[in-house]
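Close look at the chain arrangement
Okay, here's what each chain looks like letter by letter:
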Amino acid sequence: MVGGLAGLGAAAQAGKERVAVTDARGFADAMAGTGDDWGIISRAVEGPSYLLNSVRGDGLTRVEQMRTNLSAARRFLSDRGQAEAVQGIDRTLAALGGLRVVLALAEPDQSAAGEGVDAVSDACAACHARFREGSEQTGFRARPGLLE
Ligand code: HEC
């Protein structure tokens, strides 16, 4: 557990916030930041340190950072008329809103948090299945026409 906490500290600077996305590169950066924050949150929800207020507080900060990055990606997609992809982001933001409520409970509820994490992961995965191509081996990229 001590190792886990040290890991959290070292990773504190993960997920960078992008207020504006203006091109495909910016979109990929916003997604990379989203993925960094998400990895830290989802691991914390599964571990014993979830019971610490500081860990849940860090999760709330990261949820806000994810919302900032996903909202910037959403604006870019909306400006490009990508209505279905915008819906995918909206579904993810709604699931994140549910997780935020659970993380903010005064009495930690780890099983509810696990369900909240699953709902967000499902939303991410649905959008990736529809709008991303590639594999772990080759690397992933947006489907042609989405960003460029
Ligand atoms: C618009 C629907 C959409 C949603 C919703 C979405 N993504 Fe993505 N994501 C993409 C696309 C498209 C790419 C590929 C971007 C590129 O060309 O590099 C991507 C790329 C990524 C990457 C970069 C590495 C990789 O595997 O491609 C990460 C990490 C990532 N997303 C995490 C997430 C997480 C975590 C969530 C949910 C909290 C999420 N995304 C939600 C569309 C989405």
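For the structure itself, consult the block above.
Since this is a predicted model, take the numbers as computed values, not measurements.

Some details on the pairing of strand β2 (residues 139-142)
- Inspection of the sheet shows strand β1 (residues 132-135) paired to β2 by four bridges, in the antiparallel sense. Note on β2: the bridge partner recorded for R132 is A142.
- From the end of β1 to the start of β2, which pair antiparallel, there are three residues.

A short note on the site of the ligand
- In the region of the ligand, 22 residues are neighbours, and M31, G35, C124, C127 and F140 sit closest.
- Put simply, the parts of the chain that give the shell around the ligand at least two residues each are α2 (24-46), α4 (83-103), α5 (110-131) and β2.
- A total of seven residues in the shell around the ligand trace back to one element, the largest contributor, which is α2.
- Looking at the shell around the ligand residue by residue, the class counts come to 15 nonpolar, five polar and two charged.

Re the packing of α4 against α5
- Interhelical geometry of α4 versus α5 gives an angle of 170° and a closest axis separation of 8 Å. Judged on the interaxial angle alone, α5 and α4 are roughly antiparallel. Taking contact as the criterion, the partners of A85, G88, R91, T92, A95, L96, G98, L99, V102 and L103 in α4 are, on α5, A112, A113, G116, V117, A119, V120, A123, C124, A126, C127, R130 and F131.
- Counted by class, the contact of α4 with α5 contains 16 nonpolar, four polar and two charged residues.

Concerning α2
- For α2, with 23 residues, the first-to-last C-alpha span of 33 Å sits near the 33 Å given by 1.5 Å per residue.
- Listed as buried for α2 are F27, A30, M31, G33, T34, D37, W38, I40, I41, A44 and V45.

Structural notes on the environment of K16
- Note on placement: K16 falls in the loop between α1 (2-10) and α2.
- A tally of 14 C-beta atoms within 10 Å means that K16 is categorised as partly exposed.

Comments concerning the nonpolar core
- F27, A73 and L99 are the most contacted members of the largest nonpolar core, which totals 27 residues.
- Elements with a contribution of two residues or more to this core: α2, α3 (53-79), α4 and α5.
- Those residues in contact with F27 that sit more than four places away from it in its chain are V21, A73, F76 and L147.

Cut-offs used in this document
- Per chain, the residues get numbers from 1 upward, laid out in the order the sequence is written.
- In keeping with the model being predicted, local features are shown solely for residues with a pLDDT of at least 70 and side-chain atom pairs are shown and tallied solely at 80 or more, while totals for entire chains, interfaces and linings include all residues.
- Any two strands with at least two DSSP-identified bridges between them are counted as paired.
- By definition, any uninterrupted DSSP run of H or I lasting at least four residues is a helix, any uninterrupted run of E lasting at least two residues is a strand, and each is numbered from the N terminus.
- Nearness is defined per residue: the C-beta atom, placed using the backbone, must lie within 6 Å of the molecule or strand.
- Polar here means any residue other than Ala, Val, Leu, Ile, Met, Phe, Trp, Tyr, Cys and Pro, which are nonpolar, and Asp, Glu, Lys and Arg, which are charged; Gly is therefore polar.
- To obtain an axis, a line is fitted to C-alpha atoms, over the contacting stretch when the element is a helix, and the angle between two such axes runs from 0 to 180 degrees between their N-to-C directions.
- In this scheme, roughly parallel covers angles under 35 degrees and roughly antiparallel covers those over 145, while 65 to 115 is roughly perpendicular and the rest are oblique.
- Whether two residues are in contact depends on their C-beta atoms, placed from the backbone: they are in contact if these lie within 7 Å.
- For a helix, the expected span equals 1.5 Å multiplied by the number of residues minus one.
- Neighbour counting defines burial: a residue surrounded by 20 or more other C-beta atoms within 10 Å of its own C-beta is buried, one with 12 or fewer is exposed, and intermediate counts give partly exposed, using backbone-placed C-beta atoms.
- Residues of type Ala, Val, Leu, Ile, Met, Phe, Trp, Tyr and Cys that are buried and joined through C-beta atoms within 7 Å form what is called a nonpolar core.

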